[in-house]
Amino acid sequence: MHFQLFLLAPQRSCEVVAIEGAKEVRALDGVSNCRFYVRPGQTLDGGVATKAVGVVGGVVPERINSPLRLGFACEGERQPRFVNGAELSSL
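Now for a quick tour of the structure. Think of each chain on its own: its residues are numbered from 1, step by step along the sequence as written. It should be noted that, the model being predicted, local features are given only for residues of pLDDT at least 70 and side-chain atom pairs only at 80 or more, the latter also being counted only at that level, while totals for whole chains, interfaces and linings use all residues. Values shown for side chains rest on all heavy atoms present in the structure; no hydrogens or waters enter the calculation.

Our next topic: the nonpolar core. One recurring pattern in soluble globular proteins: nonpolar side chains tend to sit buried together. Nonpolar cores were defined as sets of buried Ala, Val, Leu, Ile, Met, Phe, Trp, Tyr and Cys residues, with membership established by side-chain atoms within 4.5 Å. Residue exposure (1.4 Å probe, protein chains only): buried if accessible area is under 20% of the type maximum, exposed if over 50%, otherwise partly exposed. If you look at the biggest cluster of nonpolar residues, it comprises 18 residues, and the most contacted ones within it are Phe36, Leu44, Leu68 and Phe72. Think of it this way: any DSSP run of H or I at least four residues long counts as a helix, any run of E at least two long counts as a strand, and we number them from the N terminus. Every element with two or more residues in this core is listed here: β2 (14–20), α1 (22–27), β3 (31–36), β5 (52–59) and β6 (69–74).

This paragraph deals with the sheet that holds strand β4 (residues 43–44). Strands qualify as paired when DSSP identifies two bridges or more between them. Taken in spatial order, the 4 strands make up an open sheet running β4-β2-β6-β7, and their pairing is antiparallel. Two strands lie at the open edges of the sheet, namely β4 and β7 (81–83), each paired on one side alone.

Looking now at the pairing of β6. Here β2 runs beside β6; their pairing, made up of 6 bridges, is antiparallel. When the bridges of β6 are listed, isoleucine 19 appears paired with leucine 70. Across 3 bridges, β6 lies against β7 in antiparallel orientation. Pairing of leucine 70 across the sheet is with valine 83, part of β7. The antiparallel hairpin formed by β6 and β7 contains 6 residues in its connecting segment, where glycine 76 sits at a positive phi of about 85 degrees.

Ordered in space as β1-β5-β3, the 3 strands form an open sheet in which the pairing is antiparallel. With one partner strand each, in any of the chains shown, β1 (2–8) and β3 form the two edges of the open sheet. Direction aside, neighbouring strands of the sheet carry axes that sit 10 degrees apart on average. Note that β1 and β5 share 7 bridges and pair antiparallel. Across the sheet, residue histidine 2 finds its bridge partner in β5, namely valine 59. The angle between two axes is taken between their N-to-C directions and runs from 0 to 180 degrees, where each axis is a line fitted to C-alpha atoms and a helix contributes only its stretch in contact.

What follows is the structure in structure tokens.
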């Protein structure tokens, strides 16, 4: 199965505080690309979630479970939130 997962930016203004699990994702069999377009400490403008913060792709025989988590400190929230790729739309 070929796959390409685009990690879309949160719709709310926030600061990237962490990217966790990237090394582990890159080590998974079949993952050929794991690239991030943001870095911890970077501020992201709010708006529509059409800007990618990263992409993961490759060829795998079956579905994989990714340990990838991204941390964001959003305006109006006391603590940073850590989410996986599927949960990015909750921000």
